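Summary of the model geometry
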Amino acid sequence: MTHRIFARIAAVLLAFLVATPYADACTNLIVGKKASTDGSVIVSYNADSYGMYGNLYRHVGGKHAPGEMRKVYEWDTNKYLGEIPQAPVTYNVVGQMNEHQVSICETTFGGREELADSTGILDYGSLIYIALERSTSARNAISIMTDLVEKYGYYSEGETFTIADKNEVWVMEMVGKGAGRTGAVWVAIRIPDDCICAHANQSRITRFDMKDRENVRYAKDVIKFAREKGYFTGKDSEFSFRDAYNPLDFGGIRYCDARAWAFFNKHVDGMERYLPYVCGEDKTMEMPLYMKPKHLLSVQDVQNGMRDHYEGTALDMQHDLGSGPYNMPYRPSPLSFKVDGKEYFTERPTATQQTGFSFVGQMRANMPDAIGGVVWWTNDDANMTAYTPIYCSATEVPHCYERVAGVQDEITFSWESAFWVCNTVSNMVYPYYSKMYPDLRNVIDRLESDFHGSQSDVETQAQVLYSLNPADAVALLTDYGQQAAATMLADWKTLFQYLVVKHNDMVVKEEADGHFARSKYGLGGRIIRPGYSEDYWRKVVNETGDRYLIKQ
């Protein structure tokens, strides 16, 4: 089956490839509260951008005087875009979640280039954090975001937002109207509570029920504007947001929708029927926006979903020449390359080396907001790091997750920065993946098992304290988040040392009883020289013929 699929992919690619540069590209996974094991609304976000320093955002809420202004800086570049009036009251924000358990994530789909508005004040990143500072629910956040861009203009390209709270989760897609046209066209759809969803840099909202005011919201001119621009000519009932504003191409399917398919494939029966679509053969067999899973999902399921490389599927990256001798499920950028005038591509999975930070948000309605909202956070590639819990009520964020210009930032290395320590280990493991990754994954599994295992006890203590004095509960949860991050950082430093010693010079040192073995004379123990696998040596022989054949 796999060989037939790859042969079909190659044939389609020669005729159909459209080079799409999705260099800065993200992934969101979504679980409704009735689709989760404990009634949580769960969302996730891999923030993927080369050169990005993944730090944990923090906003201290408060009251603001009339006339006070809020400056707006583009999230991606730090370029000053302008300022808008400050809200009378803003709320505390930790990462992608505020104190009311409102959480907002995104993936960029770009869309039609002519609709980008360089004169707008609000880029997608600023829009997210301003909405988090001001909103008390997902629906409130949608209203705030759409009202702001209508008044001040939308600076970014097309964007898909995940907007959630402790009760529900929405997907909203937005694109500007071009220079000189303030505002944006957009559609927001509520994901059913018993369903899961995913999006990854390709618009996924097609037709929508314009009469369902409870579960669908949209700009009043979303269809009219498409007609005006010549993007759509049919009946209103036939209108598809994606087809009008972000038409599918090969890159949109294979680089982007394939990541959504990978999530569904783990939790929904029958996903193989969509392989012709995700392989770029048949655009008519597209996936629905959301589906009912075959089982309930946990936070750990979503965390593991953010680590996916299409393992065990027809898109698996670990068994061709590009994976090297140690089956590395990563490829250097860019995503496409040319050989002898022909253009080819590499897979773009959910887990990628370009991740600046990864977030899994857990929101629960059966607890006070201060306890119910958990920001599961990690720096760097989610597949190479451990998520640690930070509560949405935290009054401080761990120092190792902060950005301090000139001390720990994009170009300043620090052993006290989780971003740099995690990247140090990741970049050592990448080229020796099958050799070193099991050691790294053991640490991930141990830490996350501890964090998930202790969650109930910590929250039980917090609820007792909250009933007496909420500030004491917040202090407990803040301290717990600090301790979890400190434990992870310490373990990663130890892991670095362990990997250096165990795998030094491409051999493996023998271990016994959890320690490196010593000889009976006190020196290091036996050295194991595993070499390459027979499969990889066969590739070498196929490439070099008899060059290395031992002559008898």
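These figures come from a predicted structure and were not determined experimentally. (Residues numbered from 1 in each chain as written. Predicted model: local features only at pLDDT ≥ 70, side-chain atom pairs only at ≥ 80, totals over all residues. Heavy atoms only, no water.)

1. Considerations on the packing of helix α10 (residues 418-429) against helix α11 (residues 433-468)
With their axes 9 Å apart at the nearest point, α10 and α11 run at an angle of 145° to one another. Taking contact as the criterion, the partners of Val425, Met428 and Val429 in α10 are, on α11, Tyr433, Met436, Tyr437 and Leu440. Among the residues making up the contact of α10 with α11, the classes are represented as seven nonpolar, no polar and no charged. (Axes fitted to C-alpha atoms, helices over the stretch in contact; angles between N-to-C directions. Helix = DSSP H or I, 4+ residues; strand = E, 2+ residues; numbered from the N terminus. Contact = heavy atoms within 4.5 Å. Nonpolar A, V, L, I, M, F, W, Y, C, P; charged D, E, K, R; others polar.)

2. So, the nonpolar core
Grouped together as the largest cluster of nonpolar side chains are 151 residues, with contacts concentrated most on Ile104, Phe161, Val222, Phe239, Tyr245 and Trp492. By size, the runner-up hydrophobic cluster in this structure holds five residues, among which are Phe250, Tyr255, Leu335 and Phe345. (Core = buried A, V, L, I, M, F, W, Y, C linked by side-chain atoms within 4.5 Å. Buried < 20%, exposed > 50% of the residue type's maximum accessible area, 1.4 Å probe, protein only.)

3. Considerations on the side chain of serine 203
Of note, serine 203 is situated in the loop between β14 (196-199) and β15 (216-218). At 2.5 Å, the side chain of serine 203 and the side chain of glutamate 173 are in polar contact. (Polar contact = N/O pair within 3.5 Å; in protein donor to acceptor, adjacent residues only side chain to side chain.)

4. Overview of the packing of α11 against helix α12 (residues 470-502)
Two elements in contact, α11 and α12, have axes separated by 10 Å at closest approach and are oriented at 170°. Between α11 and α12, the angle falls in the class roughly antiparallel. Class assignment of the residues belonging to the contact of α11 with α12 gives a composition of 22 nonpolar, three polar and five charged. (Parallel < 35°, antiparallel > 145°, perpendicular 65-115°, else oblique.)

5. Considerations on the pairing of strand β10 (residues 103-110)
Across the eight residues that make up β10, a large majority, seven, are buried. Judged from the seven bridges that link them, β10 and strand β11 (residues 158-164) form a sheet pairing that is antiparallel. Along β11, the bridge assignment pairs glycine 110 with glycine 158. (Pairing = 2+ DSSP bridges.)

6. Quick look at the sheet that holds strand β20 (residues 374-379)
Ordered in space as β16-β14-β1-β2-β19-β20-β21, the seven strands form an open sheet in which the pairing is antiparallel. Strands at the two margins of the open sheet, each flanked by one partner only, are β16 (290-291) and β21 (388-391). As defined by bridge partners, strand β1 (residues 28-31) adjoins strand β2 (residues 41-48) across two bridges and the pair is classed as antiparallel. Bridge pairing in β2 links valine 31 to isoleucine 42.

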